[in-house]
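Read off the chains here:
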Amino acid sequence: MGTRLLKVTVILLCCVNAVMWEFYTESTLMALFWAATALGFVIWIADDIRRG
């Protein structure tokens, strides 16, 4: 459970980072990069759950 909690924390921080990049710097490219990183971690968690 420890690694899953760490991955969820990374997802949360990536989402916050994406919002901050978009809101403060209006850099959509960097915001999309951080959102894609968060999505990658979501897929990784889903794969871990699927594999059991």
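Residues numbered from 1 in each chain as written. Predicted model: local features only at pLDDT ≥ 70, side-chain atom pairs only at ≥ 80, totals over all residues. Heavy atoms only, no water.

### Some points on unusual backbone geometry
- Despite not being glycine, Glu 26 has its phi angle at roughly 55°, a positive value.
- With respect to the helices, strands and loops of the structure, Glu 26 is situated in the loop between helix H1 (2–25) and helix H2 (28–51). (Helix = DSSP H or I, 4+ residues; strand = E, 2+ residues; numbered from the N terminus.)

### Observations concerning H2
- An ideal rise of 1.5 Å per residue puts 34 Å on 24 residues; H2 measures up with 34 Å between its terminal C-alpha atoms.
- Within the span of H2, buried status applies to Ala 31, Ala 38 and Ile 45.
- Buried residues along H2 sit against H1.
- Looking one or two places after H2, you find Gly 52, whose phi comes out positive at around 85°. (Expected span 1.5 Å × (residues − 1). Buried < 20%, exposed > 50% of the residue type's maximum accessible area, 1.4 Å probe, protein only. Contact = heavy atoms within 4.5 Å.)

### A word on the environment of Cys 15
- If you trace the backbone, Cys 15 turns up in helix H1.
- Residue Cys 15 is classed as partly exposed on the basis of its relative accessible area of 39%.
- The sequence separation of Cys 15 and Ala 36 amounts to 21 residues, and the corresponding C-alpha distance is 9.4 Å.

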